[in-house]
Amino acid sequence: MERRTFLKKAGITTAAAATALSVGAPAVIASSKIKWTATTFWNPKVRIMYDMIKIFCQNVKEMTDGQFEIKLYGGGELVPPPGAFDAVSKGTVQMGTGSPYFWAGKSTAFNWFGSIPFGMNAQSINAWFYEGNGQALMNELYDRFDLVPRIVGNSGMQMGGWYRKKINSLEDFKGLKMRIGSIAGKVLSKVGVTTVFVPPSEIFPALERGVVDAAEFVGPVHDILLGLYKVAKYYYTPGWHEQGPTLDVFFNKKAYNDLPKHFQRVLDIAAADINIRTLAAFDAQSGAALDKLVNEHHVNVQVYPEDVLKKLKILSKEVIEEEAKKDPFALKVHEDYKAFQAQTAVWGKMSEKVYWNTMA
């Protein structure tokens, strides 16, 4: 009943408040509370991602002294998780969250704002968005769907996935059924992998029943919660497919534009804050989770052979170029992304890489 009632009434409070502000109504009316509704791809069991969006909504309320409230619904509570994008685009709800590459079915250009194989890490991604053209290009793409986007987190380097058998060469991928999506799935399909995409809650049973032979999700924090160590023996690193996958928050364009300017700025600042805190949470929690997997659950951690990674990198470059050519805007984003990655790599090789080599 709550769902049907909400879908009927969504946006009325915001529209009324915006109208009062635009016609210069008395202060008592202009100060009416603005109430938004948000839906997310994540359900409350998906730690960090859901938790941080909940904090985002709380921060907006506190920073506006209770004048701007956002009620958050988890994935599936109002619409199916993948439906978050369309729900906000159509104005059914005012805010949604997920990750840009979840929307790649609408345009392959979304992949570059999420993650591409052998792409930039979280630090460089943030530099691209805040100091490069990343945010402007993202705005241009989402605007096609009447959305205003912001980045709202990053997991940092992910793990490479769980396998029932060892991967000693590229040949060992042949014939595997693997839960993996996005451009990485297209890369692995070139070496004989059948890619299967299942939502997080279904990864464990899919591995257990043999629906898939391998699967990737995020990393130790979530993999331990899903219990994947119980159904797959080998845990591979690094996450060549996702070095700095970005999370997004997006607002209905009309709802955003109807807000007072200072409330728009509150959303921007709240997003930047959660962007930092999300990566910090992953960095803080991943080590302890990995330690537990190894020392308590005796997980067999493996590193992809160097030759395998080199070949995957070559294949990834080919697939990424193919994807970019499918859409003029994707090609535009790709060229900018590629140039910025090369620019930041110069400093990264001289600083971070040298430092970590001395720590090995």
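For the structure itself, look to the data block above.
Conventions and cut-offs
- Residues numbered from 1 in each chain as written.
- Predicted model: local features only at pLDDT ≥ 70, side-chain atom pairs only at ≥ 80, totals over all residues.
- Heavy atoms only, no water.
- Salt bridge = Lys/Arg side-chain N within 4 Å of Asp/Glu carboxyl O.
- Helix = DSSP H or I, 4+ residues; strand = E, 2+ residues; numbered from the N terminus.
- Buried < 20%, exposed > 50% of the residue type's maximum accessible area, 1.4 Å probe, protein only.
- Patch = residues over 30% accessible without salt bridge, like charges linked within 9 Å, V, L, I, M, F, W, Y side chains within 5 Å.
- Areas by Shrake-Rupley, 256 points an atom, 1.4 Å probe, with all protein chains shown as cover.
- Lys, Arg positive; Asp, Glu negative; His and termini not counted.
- Charge placed at Lys NZ, Arg CZ, Asp CG, Glu CD.
- Core = buried A, V, L, I, M, F, W, Y, C linked by side-chain atoms within 4.5 Å.
- Pairing = 2+ DSSP bridges.

(A) The pattern of salt bridges, seen in detail. Counting across every chain of the model gives 14 salt bridges. The salt bridge involving Glu306 is made with Lys310; its shortest N-O contact spans 3.4 Å. Linking Glu306 with Lys310, this pair stays in helix H14 (residues 306-324), spanning four residues, or about one helical turn. Exposure remark for Glu306: the relative accessible area of 58% places this residue in the exposed category. Note that Lys338 is salt-bridged to Glu335, the shortest N-O span being 3.7 Å. In this pair, Lys338 and Glu335 both sit in helix H15 (residues 328-350), three residues apart, roughly one turn of the helix. Judged by relative accessible area, which is 39%, Glu335 ranks as partly exposed.

(B) Looking closely at a positive patch on the surface. On the surface, Lys313, Lys317, Lys349 and Lys353 cluster together into a positively charged patch. When you line up the elements, Lys353 lands in helix H16 (residues 352-359).

(C) Structural view of the nonpolar core. Counting residues in hydrophobic clusters, the biggest one holds 55 residues, and the most contacted among them are Trp112, Trp128, Tyr142, Tyr163, Phe173, Leu188 and Tyr304. Here this core takes seven residues from H14, the largest share from any one element. Judged by nonpolar contacts, the second largest core, of 54 residues, contains Val148, Trp162, Ala255 and Ile274.

(D) Focus on the sheet that holds strand E5 (residues 161-163). Strands sit in the order E7-E6-E8-E5-E9-E11 across an open sheet of six strands; the sheet is mixed. At either margin of the open sheet sits one strand with a lone partner, and together these are strand E7 (194-196) and strand E11 (300-303). Relative to E7, strand E6 (residues 177-179) is paired through three bridges, and the arrangement is parallel. Its bridge partner being in E7, Met178 is matched across the sheet by Thr195.

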